[in-house]
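Okay, here's what each chain looks like letter by letter:
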Amino acid sequence: MVKIAVIHEAPQPTLSSRQLILALINEGVDAYYLRISKIHGFVTNSGFELRYGSNVKLELDGAFVRNLGFILSTEQLLKRVSILRQMELNNVTLVNPVEGMLLARDKYMSVLTLKKHGLPVPDTAVVEDVFTATQLVKEWGEVVIKPLVGSMGFGSIKTSDPDIAFRVAKTLLNLGQPIYIQKYVEKPGRDIRVFVVGDDVLGGMYRISPAHSWKTNVAQGAKVKALKVNEELRELAIKATKALGLHYSGVDIGEGKGGYVIFEVNASPLWAGFMRATGINPAPHLVKHILSLVKR
């Protein structure tokens, strides 16, 4: 029987993980929920293998990688990434693949890659100098300073004041963090999330900013509304997903004055808001996709 895992780090499966497990069971698949911290790698005279927990040999056909957990050190990140790479060496089909996940996780490299593929992105810079950051505010006007690695909009600050940019940049540098800065794209109080699986778009939604905020993240109070995905949005979302080497994604797109612009491509998107807006549960579609890859 086909064996497929959902990999996360939460002690209890999240909503998306539970839905994936149920969809796997409905397809007659042996389904497992695995915490990444409990997967251990071994290289011995007889080869290499993976074990789960104290001494359970891990043999899988595929896995959904939903989360790497809260990372406390570079060494911890390297270990968890190495485990996933070992899975791929063991011919385990990962959705999403390791390299694609890492590329999407790095906001600057993902924007760079999208731009290289001819896709529209905001003017973006990554620097380690407060004066360069303040100069960019003077050049670009309104900017958004974001964590280089982050999600759900937490830690993002919008400003047109060079002094505020100076304070934020100085604080980040004192914490050993680079300064990731984008020219703010004026949008009509909303942005667009398009959900892609393989070569298909499952659907799209508007994420509408709450009255007190410029942010459109559902986790920060944005409202959702179903959107009929036109051909241009469909093409942009699928191209962006493939450019980063992903099997599925949530592509965040703004309606700028000059046309659509891609803000971010999420390699493990949350989908509670998408389900509320569209009535579509991505889990069965994702399971059918991974099974099509495993059975090749």
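Residues numbered from 1 in each chain as written. Predicted model: local features only at pLDDT ≥ 70, side-chain atom pairs only at ≥ 80, totals over all residues. Heavy atoms only, no water.

*Asks:* So what about the nonpolar core? Which residues, and what values?
*Replies:* Most often, soluble globular proteins keep nonpolar side chains buried together rather than apart. If you look at the biggest cluster of nonpolar residues, it comprises 46 residues, and the most contacted ones within it are Ile39, Leu84, Met87, Leu114 and Ile262. The element that contributes the greatest number of residues to this core is helix α7 (residues 231-243), accounting for 6 residues. Setting aside its immediate chain neighbours within four residues, Ile39 contacts Ile7, Leu34, Leu50, Arg51, Tyr52, Leu58, Lys79, Ile83 and Met87. Counting 26 residues, the second-largest nonpolar core is a separate cluster that includes Val6, Val29, Phe195 and Leu293. (Core = buried A, V, L, I, M, F, W, Y, C linked by side-chain atoms within 4.5 Å. Buried < 20%, exposed > 50% of the residue type's maximum accessible area, 1.4 Å probe, protein only. Helix = DSSP H or I, 4+ residues; strand = E, 2+ residues; numbered from the N terminus. Contact = heavy atoms within 4.5 Å.)

*Asks:* Outline the pattern of salt bridges, listing residues and values.
*Replies:* As a working rule, side chains carrying opposite charge can pair if their charged atoms are close by. Under the defined criterion, the tally for this structure stands at 13 salt bridges. In this structure, Lys288 engages Glu27 in a salt bridge whose closest nitrogen and oxygen atoms are separated by 3.0 Å. In this pair, Lys288 sits in helix α9 (residues 282-294) while Glu27 sits in the loop between α1 (15-26) and β2 (30-35), placing the two residues 261 residues apart along the sequence. Residue Arg190 is joined to Glu255 by a salt bridge in which the shortest nitrogen-to-oxygen separation is 2.8 Å. Of the two residues, Arg190 is situated in strand β12 (residues 190-197) and Glu255 in strand β15 (residues 248-256); the sequence distance between them amounts to 65 residues. Accessibility expressed as a relative area gives 25% for Arg190, which makes it partly exposed. Bridged by salt links that share partners, the residues Asp191, Arg193, Arg207 and Asp252 form one connected network. (Salt bridge = Lys/Arg side-chain N within 4 Å of Asp/Glu carboxyl O.)

*Asks:* Describe helix α4 (residues 107-116), and please don't skip the residues or the numbers.
*Replies:* For α4, every residue scored as buried is listed here: Lys107, Ser110, Val111, Thr113 and Leu114. Here the buried residues of α4 occupy an arc of 160° about the axis, which is enough to place them on one side. Among the exposed residues of α4, those pointing more than 90 degrees away from its buried face are Lys115 and Lys116. Check the buried side of α4 and you find it contacts α3 (98-105), β8 (124-127), β9 (143-146), β11 (179-183), α7 and β16 (259-266). Among the residues of α4, the N-terminal cap falls to Asp106, whose side-chain oxygen and the backbone nitrogen of Tyr108 are separated by 3.2 Å. At the C-terminal side of α4, Gly118 shows a positive phi close to 80°. (Arc of directions from axis to C-beta. Polar contact = N/O pair within 3.5 Å; in protein donor to acceptor, adjacent residues only side chain to side chain.)

*Asks:* Help me get a handle on the layout of surface pockets, residues and values and all.
*Replies:* Taken as a whole, the second largest pocket holds about 200 Å³ of empty space. What lines the second largest pocket is a set of 14 residues, and nearest its centre among them are Pro122, Val185, Gly256, Gly258 and Val261. The leading source of residues in the lining of the second largest pocket is β16, at 3 residues. A class-by-class count of the residues in the lining of the second largest pocket yields 7 nonpolar, 3 polar and 4 charged. (1 Å grid on protein atoms, 1.4 Å probe; cavity = no way out; pocket = protein on both sides within 12 Å on 5 of 7 lines; lining within 4 Å. Points joined across faces, edges and corners; volume = space filled by probe spheres on them. Nonpolar A, V, L, I, M, F, W, Y, C, P; charged D, E, K, R; others polar.)

*Asks:* So what about the sheet that holds strand β6 (residues 62-65)? Which residues, and what values?
*Replies:* Reading across the sheet, the 4 strands line up as β2-β1-β6-β7 and stay open at both edges, with parallel pairing between neighbours. Edge positions in the sheet fall to β2 and β7 (93-95), since each of these pairs with one other strand and no more. Pairs of neighbouring strands in the sheet enclose a mean axial angle of 20°, with direction left out of account. Of the strand pairs in this sheet, strand β1 (residues 3-8) and β6 are connected by 4 bridges, and their pairing is parallel. Each bridged residue has a counterpart across the sheet, and for Val6 the counterpart in β6 is Phe64. The strands touched by α1 are β1, β2 and β6; relative to β1, the strand with the most contacts, the crossing angle is about 175°. (Pairing = 2+ DSSP bridges. Axes fitted to C-alpha atoms, helices over the stretch in contact; angles between N-to-C directions.)

*Asks:* So what's going on with the sheet that holds strand β4 (residues 47-52)? Which residues, and what values?
*Replies:* A sheet is described by the order of its strands in space; here 3 strands give the open sequence β3-β4-β5, paired in antiparallel fashion. A strand with exactly one partner marks an edge of an open sheet, and here the two such strands are β3 (39-44) and β5 (56-57). Across 6 bridges, the pairing between β3 and β4 is antiparallel. Paired with His40 across the strands is Arg51, a residue of β4. In the packing of helix α2 (residues 74-89) onto the sheet, contacts are made with β3 and β4, and the angle to β3 comes to roughly 65°.

*Asks:* Requested: an account of the packing of aromatic side chains, with residues and values cited.
*Replies:* One pass over the structure, following the stated rule, counts 4 aromatic pairs. Taking the centre distance of 6.3 Å and the plane angle of 20° together, the rings of Phe195 and Tyr248 count as stacked. Placement of Phe195 in strand β12 and of Tyr248 in strand β15 is noted, with a sequence separation of 53 residues between them. Exposure remark for Tyr248: the relative accessible area of 0% places this residue in the buried category. Ring centres 5.2 Å apart and planes at 40° place the aromatic pair Phe195 and Phe274 in the tilted group. Here the residue Phe195 occupies a position in strand β12, and Phe274 occupies one in helix α8 (residues 272-278), the gap between them amounting to 79 residues. Across the pair, Phe274 and Phe195 agree in class, each one buried. Within the aromatic cluster, the residues linked to one another by ring pairs are Phe195, Tyr248, Trp271 and Phe274. (Phe/Tyr/Trp six-rings, centres within 6.5 Å; stacked < 30°, edge-to-face > 60°.)

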